[in-house]
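Spelled out, the chains give:
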Amino acid sequence: MRKGQLFNSDICQILSKMGHTDQIAIGDAGLPIPDTTSRIDLALTYCIPSFMQVFELISHDMQIERIILATEIKEKNPQILGRILERISQLEQIQNNEIEITFIPHEMLKKQTHHCKAVIRTGECTPFANIILQSGVIF
């Protein structure tokens, strides 16, 4: 049995196969997932699991060099944005490197999921609670 905090075998498999600049997305319950992209569906019901629960857990097991968020999150969901930025700040201290933050229109974010190794669907039911994580290297 793995000693880490992350037990989901599908997520562990995707993370273990990721290389530098590969991307994975974590989405709210409404984010459309392309048929050509692997879907890891964790949604059980409204807000279970939450976006932040999944993001925080995955960020423990992944070296992140860049995140991509929808520009709309700034106005439509500042609470989640604040929590994301807080977690990014913690990661920068742990990883001892700066994580680039990119904001793009939501429509472009949805198109970018076509290039992700997988999209993880959460039960989150707040607007624009979606993120794309780009893999860094550990050296």
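Right above here is the structure, for reference.
These notes cover the structure that comes with them. Note that the structure is a prediction, hence the values are computed from the model and not measured. Within any chain, residue numbers begin from 1 and follow the written order of that chain's sequence. Per-residue local features of the predicted model are confined to residues with pLDDT of at least 70, and side-chain atom pairs are confined, for both listing and counting, to 80 or more; whole-chain, interface and lining totals are unaffected and use all residues. No hydrogens and no water enter the side-chain calculation; it runs on all heavy atoms of the structure.

### Some details on the sheet that holds strand β4 (residues 100–104)
Condition: At least two bridges found by DSSP between two strands is the condition for calling them paired. Numbering of helices and strands runs from the N terminus, with a helix taken as a DSSP run of H or I at least four residues long and a strand as a DSSP run of E at least two residues long. To get an axis, fit a line to the C-alpha atoms, keeping to the stretch in contact for a helix; angles then go from 0 to 180 degrees between the N-to-C directions. Here a residue-residue contact requires only that any non-hydrogen atoms of the pair lie within 4.5 Å.
Spatial strand order, β2-β5-β1-β6-β3-β4: six strands in an open sheet with mixed pairing. Only two strands of the sheet have a single neighbouring strand rather than two, namely β2 (38–41) and β4. Within this sheet the neighbouring strands show an average axis-to-axis angle of 20 degrees, counted without direction. Of the pairings in the sheet, the one linking strand β3 (residues 64–70) to strand β6 (residues 131–135) comprises four bridges and is antiparallel in character. Considered in β6, the bridge of Ile 68 is made with Ile 132. Sitting on the sheet, helix α4 (residues 78–95) touches β3, β4 and β6, and the angle it makes with β3 is about 170 degrees.

### As for a nonpolar patch on the surface
So the rule is basically this: In this analysis, a patch consists of residues with relative accessible area above 30% that form no salt bridge, clustered at 9 Å for like charges and at 5 Å for the nonpolar side chains Val, Leu, Ile, Met, Phe, Trp and Tyr. Only the protein chains shown count as cover for residues, and the accessible areas themselves come from Shrake-Rupley with a 1.4 Å probe. Criterion for a salt bridge: a side-chain nitrogen of Lys or Arg within 4 Å of a carboxyl oxygen of Asp or Glu. Exposed residues in this analysis have more than 50% of their type's maximum accessible area, buried residues have under 20%, and partly exposed residues fall in between, with area computed by a 1.4 Å probe over protein chains only.
On the surface, Val 137, Ile 138 and Phe 139 cluster together to form a nonpolar patch covering roughly 410 Å² of accessible area. Structurally, the position occupied by Phe 139 is in the segment after β6. The exposed category is assigned to Phe 139, whose relative accessible area is 85%.

### Description of the packing of helix α2 (residues 51–61) against α4
So the rule is basically this: An angle counts as roughly parallel when it lies under 35 degrees, as roughly antiparallel when it exceeds 145, as roughly perpendicular when it falls between 65 and 115, and as oblique in every other case. Left-handed is the label given to a crossing in which the near helix is rotated counterclockwise from the far helix by less than a right angle, and right-handed is the label when the rotation is clockwise. Here the nonpolar group is Ala, Val, Leu, Ile, Met, Phe, Trp, Tyr, Cys and Pro; Asp, Glu, Lys and Arg are the charged ones; every other residue, Gly included, is treated as polar.
Orientation of α2 relative to α4, taken along the N-to-C sense of each, is 15 degrees, at an axis distance of 11 Å. Looking at the two axes, α2 sits roughly parallel to α4. By crossing handedness, the relation of α2 to α4 is classed as right-handed. Residues Phe 51, Met 52, Phe 55, Glu 56, Ser 59 and His 60 of α2 form the contact with α4, whose participating residues are Ile 80, Arg 83, Ile 84, Arg 87, Ile 88 and Leu 91. In terms of residue class, the contact of α2 with α4 is built from seven nonpolar, two polar and three charged.

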